[in-house]
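# Structural overview
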Number of protein chains: 2
Amino acid sequence: MPKAVAGPEIERLIQLLARMPGLGPRSARRAALQLIKKRETMLAPLAEAMRVACERIMVCSTCGNVDTTEPCTICRDPTRDPSTLVVVEDVSDLWALERSGAVTARYHVLGGVLSALDGVRPEDLNLDSLVSRAADPAMREIILALNATVDGQTTAHYVTESLKGHGLKVTRLAHGVPVGGELDYLDEGTLTAAIRSRTPF
Amino acid sequence: MPKAVAGPEIERLIQLLARMPGLGPRSARRAALQLIKKRETMLAPLAEAMRVACERIMVCSTCGNVDTTEPCTICRDPTRDPSTLVVVEDVSDLWALERSGAVTARYHVLGGVLSALDGVRPEDLNLDSLVSRAADPAMREIILALNATVDGQTTAHYVTESLKGHGLKVTRLAHGVPVGGELDYLDEGTLTAAIRSRTPF
């Protein structure tokens, strides 16, 4: 921690900003100064937006999404396909899929993936609620949209096991060449998967 | 602007965070999610720190520093040398010099440097107040701690001209090899300056 050179209020702001992902001690200092300089246009609105977010945002008890309503906007949307659930690791993955516009169903946020290294066990994830949602007679398919990492795939297997006996179709995202991607830069695993899952042209 | 996928309160928070220096749209999204997840330990304290900063921080009318008192803590410090002023471009430079602990005098923040390109003229800088502070009979030396850029040096010349006739010693920071720096990586200008200003060993 470098020597404190500004007043305690400014130092506290810098310290808190430095804990944000993407900002270090130096960039937090720069950000704080910028905020202070643009008090009316940046600091005041941001303080207010944070206060509002702090007061109103809650975690949806159905799917684990964050929103200002309970259940969340997606869970309440009557146009969403009730026969499918998309299982994601985190809210950021839900946001990414929503931006793609490819999902017409609802989600289930696990809140993490199983990890022996990080000590994440099945009871740390929102698995029980997933199993009870899957028990809904209207449910037909569970799409596992988990990251293609070792922990993500381990979790996918565990979730599949937990859902056995419900007579559901459990699917996962396709592996392959990213759109716009160059073969030369892709790893062998991705290329092998892309060849194996080739589609008629 | 990507499609809005979260509630308006969250989207507003993301938009405001994205305007902070060091954060782009993507990292603002990640930061917002992190803040929401750690509501009690991060979002609430940060919202409060920003509110407090917004309410209490002001610009010192004497030197241009930002602080919660008027005049600022440095200007009110009776142990500071009253015969010297350190002229800096910005509050961040003042902070940097304070961290070094090498300055025992007070500061004067210009609030920028002259720049034909950016249209910064002498009347846009805190020059008048510098001239009146320099007129103090106790004043002996003005240290120009401006950046070693073209605009910084142009400004240094302009400030020096403005202070003529007060019988003051006007000095600038030494050029040379940064402590810990390797000669191989330094530009010719710095090396030439370091050779010219060599000191007895």
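Not measured: the values here are computed from a predicted model.

## Some words on the interface of chain B and chain A
Taken together, the contact between chain B and chain A spans 53 residues of the former and 53 residues of the latter. Roughly 4,900 Å² is buried in total at the junction of chain B and chain A, and carbon and sulfur atoms are behind 73% of that figure. One salt bridge connects A:E9 with B:R56, and the closest N-O pair in it is separated by 3.2 Å. Between the two partners, chain B and chain A, sit 12 residue pairs in polar contact (both at pLDDT 80 or more). Mapped by element, the contributors of at least two residues to the side of chain B that touches chain A are α1 (8–18), α2 (25–37), α3 (39–56), β2 (66–67) and α5 (91–100) of chain B. In terms of residues, the side of chain B that touches chain A owes the most to one element, α3(B), which gives 16 residues. Split into classes, the residues belonging to the side of chain B that touches chain A amount to 31 nonpolar, 7 polar and 15 charged.

## Digging into the nonpolar core
Core analysis: the largest hydrophobic core is formed by 80 residues, its most contacted members being A:L17, A:M20, A:M50, B:L17, B:M20 and B:M50. Excluding its chain neighbours within four sequence positions, the residues that come into contact with B:M20 are A:L17, A:L23, A:A31, A:L35, A:M42 and A:L46.

## Overview of the sheet that holds strand β3 (residues 81–88) of chain A
Residues and elements named next belong to chain A. Strand order in the open sheet formed by 4 strands is β4-β3-β5-β6, and the pairing between neighbours is parallel. What marks the edges here is a single partner per strand, and that holds for β4 (105–109) and β6 (169–172). Pairs of neighbouring strands in the sheet enclose a mean axial angle of 25°, with direction left out of account. Pairing between β3 and strand β5 (residues 141–144): 4 bridges, direction parallel. Each residue of the ladder has a partner; that of T84, found in β5, is E141.

## Some thoughts on the UniProt feature "zinc finger region: C4-type" (unreviewed entry) in chain A
Residues annotated in UniProt with the feature "zinc finger region: C4-type" (unreviewed entry) correspond here to residues 60–75 of chain A. Helix makes up 19% of residues 60–75 of chain A and strand 12%, and the two end C-alpha atoms of the span are 8 Å apart.

## Notes on the UniProt feature "domain: Toprim" (unreviewed entry) in chain A
This chain's UniProt record puts "domain: Toprim" (unreviewed entry) on residues 83–178 of chain A. A helix fraction of 32% and a strand fraction of 20% characterise residues 83–178 of chain A, whose end C-alpha atoms lie 28 Å from each other.

## Structural notes on the pairing of β4(A)
Residue and element names in this part refer to chain A. The buried fraction of β4 amounts to 5 of the 5 residues, a majority that puts the element mostly inside the structure. Here 5 bridges tie β3 to β4, and the two strands are oriented parallel to one another. Within β4, the position partnered with V86 by the bridge is Y107. For the crossover that starts at β3, traverses helix α5 (residues 91–100) and ends in the parallel β4, the hand is right-handed.

## Observations regarding the packing of α1(B) against α2(B)
Residues and elements named next belong to chain B. Packing of α1 against α2 leaves a shortest axis separation of 8 Å and a crossing angle of 125°. As far as their axial angle goes, α2 and α1 are oblique. By crossing handedness, the relation of α1 to α2 is classed as right-handed. On α2, the residues that touch I10, E11, L13, I14, L17 and A18 of α1 are P25, A28, R29, A31, A32, L35 and I36. Partitioning the contact of α1 with α2 into residue classes produces 11 nonpolar, no polar and 2 charged.

## Some thoughts on the relation of the copies chain B and chain A
Expressed as a screw transformation, the operator carrying chain B onto chain A has a rotation angle of 180° and an axial translation of 0.0 Å, and the superposed copies differ by an RMSD of 0.0 Å. Within this description, the copies of the chain are treated as partners about a two-fold rotation axis. Among all residues of chain B, the minimum C-alpha distance to the rotation axis is found for B:A47, at 2.5 Å. The residues that chain B uses at the interface reappear at the interface of chain A in 100% of cases, marking a shared surface.

## Side note on the pattern of salt bridges
What the rule picks out here adds up to 20 salt bridges over all chains. B:K37 is the salt-bridge partner of A:D90, the closest N and O atoms lying 2.7 Å from each other. Here the residue A:D90 occupies a position in the loop between β3 and α5, and B:K37 occupies one in helix α2, the pair thus bridging two chains. Relative accessible area serves as the criterion here: at 17%, A:D90 is assigned to the buried category.

Cut-offs used in this document
- Residues numbered from 1 in each chain as written.
- Chains lettered and ligands numbered in written order.
- Predicted model: local features only at pLDDT ≥ 70, side-chain atom pairs only at ≥ 80, totals over all residues.
- Heavy atoms only, no water.
- Contact = heavy atoms within 4.5 Å.
- Buried area = accessible area lost by both parts, 1.4 Å probe.
- Salt bridge = Lys/Arg side-chain N within 4 Å of Asp/Glu carboxyl O.
- Polar contact = N/O pair within 3.5 Å; in protein donor to acceptor, adjacent residues only side chain to side chain.
- Helix = DSSP H or I, 4+ residues; strand = E, 2+ residues; numbered from the N terminus.
- Nonpolar A, V, L, I, M, F, W, Y, C, P; charged D, E, K, R; others polar.
- Core = buried A, V, L, I, M, F, W, Y, C linked by side-chain atoms within 4.5 Å.
- Buried < 20%, exposed > 50% of the residue type's maximum accessible area, 1.4 Å probe, protein only.
- Pairing = 2+ DSSP bridges.
- Axes fitted to C-alpha atoms, helices over the stretch in contact; angles between N-to-C directions.
- UniProt positions renumbered as here; feature names shortened; annotations may be inferred.
- Right-handed = clockwise from strand over helix to strand, strands pointing away.
- Parallel < 35°, antiparallel > 145°, perpendicular 65-115°, else oblique.
- Left-handed = near helix turned anticlockwise from the far one by under 90°.
- Least-squares fit on C-alpha atoms with pLDDT ≥ 70 in both.

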